[in-house]
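Read off the chains here:
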Amino acid sequence: MTDQDRLIAAARSAAKNAYAPYSRFAVGAAVLLADGAIVTGANVENASYGLSLCAETVAVATASAQGRLADIVAISIVGGLMDADGAAHGTDPIRPCGRCRQVLNEAAQLGGRDLDIRCGGITGDQVEEHRLSDLLPHSFGPANLGPS
Ligand code: THU
C-alpha cells in the first residue's frame, strides 16, 4: 500500500469517531509526517454549533501537541452523511474548508514545504489530489509576521 492509500484508509477509520450529532456529516482526516507516521482527527461538533471543530484542524492540532507541526507533508480528508444507524455514506470527495486551509498553511510554511492534499468520499475510489498552494493561493502566513 502506498503512503497515500494508507492515509485515505486512516482518514476513513478516523471518521468512525466523528462526533457530529447536529450536521450528521462525518469527516475524517489523516496527516502524514516526514518520518512516515500518521496522525488522525475527526470532527467534533458542539451544541453551540459555531464552536464545532473540523477533522483537519483536530488532526493538525494533535500533530502539534506531539511537537510535529513542522513535520506534516500530506493530509487526506474524507467525509459523508450518516444514516440513522450512524454509518456514513458518500463517494463525493470532500475538500478542506477555508479555515482548515489556513490552519494547514501554518504547518506548510513552518516546515518549508507545500502540502499534498488528497480528498475522497467515505467510500468509493474517487480521490482528488491537490496541492495546498493551489487550494490557498497568495496565502498569509508566519513569514508575513517577520523573521522567526
Ligand atoms: N467539516 C470538517 O470536519 N472539515 C471540513 O473541511 C468541512 C466541514 C465538518 C464540520 C461539521 O462538523 C461538519 O463537517 C458539517 O459542516
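Further up the page is the structure itself.
Conventions and cut-offs
Residues numbered from 1 in each chain as written. Predicted model: local features only at pLDDT ≥ 70, side-chain atom pairs only at ≥ 80, totals over all residues. Heavy atoms only, no water. Near = heavy atom within 4 Å. Polar contact = N/O pair within 3.5 Å; in protein donor to acceptor, adjacent residues only side chain to side chain. Areas by Shrake-Rupley, 256 points an atom, 1.4 Å probe, with all protein chains shown as cover. Helix = DSSP H or I, 4+ residues; strand = E, 2+ residues; numbered from the N terminus. Axes fitted to C-alpha atoms, helices over the stretch in contact; angles between N-to-C directions. Parallel < 35°, antiparallel > 145°, perpendicular 65-115°, else oblique. Left-handed = near helix turned anticlockwise from the far one by under 90°. Contact = heavy atoms within 4.5 Å. Buried < 20%, exposed > 50% of the residue type's maximum accessible area, 1.4 Å probe, protein only. Expected span 1.5 Å × (residues − 1). Arc of directions from axis to C-beta. Disulfide = S-S within 2.5 Å. Salt bridge = Lys/Arg side-chain N within 4 Å of Asp/Glu carboxyl O.

Near the ligand the following residues occur: Ser23, Phe25, Val27, Asn43, Glu45, Cys54, Ala55, Glu56, Arg95, Pro96 and Cys97. The contact in question runs from an oxygen atom of the ligand to an N or O atom on the side chain of asparagine 43, over 2.9 Å. Contacts to the ligand include cysteine 97, whose backbone N or O atom sits 2.9 Å from an oxygen atom. For the ligand, whose free accessible area comes to 370 Å², the fraction covered by protein is 77%. Every element with two or more residues in the shell around the ligand is listed here: β1 (25-33) and α2 (55-65).

Here we take up the packing of α2 against helix α3 (residues 98-111). At their nearest, the axes of α2 and α3 sit 9 Å apart, and the two run at 20° to each other. Judged on the interaxial angle alone, α3 and α2 are roughly parallel. Considering the relative orientation of α2 and α3, their crossing is left-handed. Residue-level contacts link Glu56, Thr57 and Val60 of α2 to Arg99, Cys100, Val103 and Leu104 of α3.

Tracing the backbone through its elements, the reader meets threonine 2 in the segment before α1 (3-15). The exposure class of threonine 2 is partly exposed, given its relative accessible area of 43%. Through-space distance from the C-alpha of threonine 2 to that of serine 13 is 17 Å; in sequence the pair is eleven residues apart.

Attention shifts here to α1. A rise of 1.5 Å per residue sets the reference length of α1, with its 13 residues, at 18 Å; its end C-alpha atoms lie 18 Å apart and thus fit the reference within 8%. Of the residues making up α1, those classed as buried are Gln4, Leu7, Ile8, Ala10, Ala11, Ala14 and Ala15. Axial view of α1: buried residues confined to an arc of 165°, hence all on one face. Elements in contact with the buried residues of α1: β1, β2 (38-42), β3 (72-82), β5 (116-121) and β6 (127-131).

The next thing to look at is the state of the cysteines. Scanning the model with the defined rule gives zero disulfides in all. Of all cysteine sulfurs, the one in cysteine 100 lies closest to cysteine 54, which takes part in no disulfide; the gap is 3.8 Å. Cysteine 97 provides the cysteine sulfur closest to cysteine 100, a residue in no disulfide bond, and the two sulfurs are 3.7 Å apart. According to the relative accessible area criterion, cysteine 100 is buried, its value standing at 1%.

For the structure on display, the rule yields eight salt bridges. Two residues, aspartate 35 and arginine 68, come together in a salt bridge whose shortest N-O distance is 3.1 Å. You can see aspartate 35 sitting in the loop between β1 and β2 and its partner arginine 68 sitting in the loop between α2 and β3, a full 33 residues away along the chain. Using a relative accessible area of 19% as the deciding quantity, one classes arginine 68 as buried. One network of salt bridges, with partners in common, ties together Asp5, Arg118 and Glu129.

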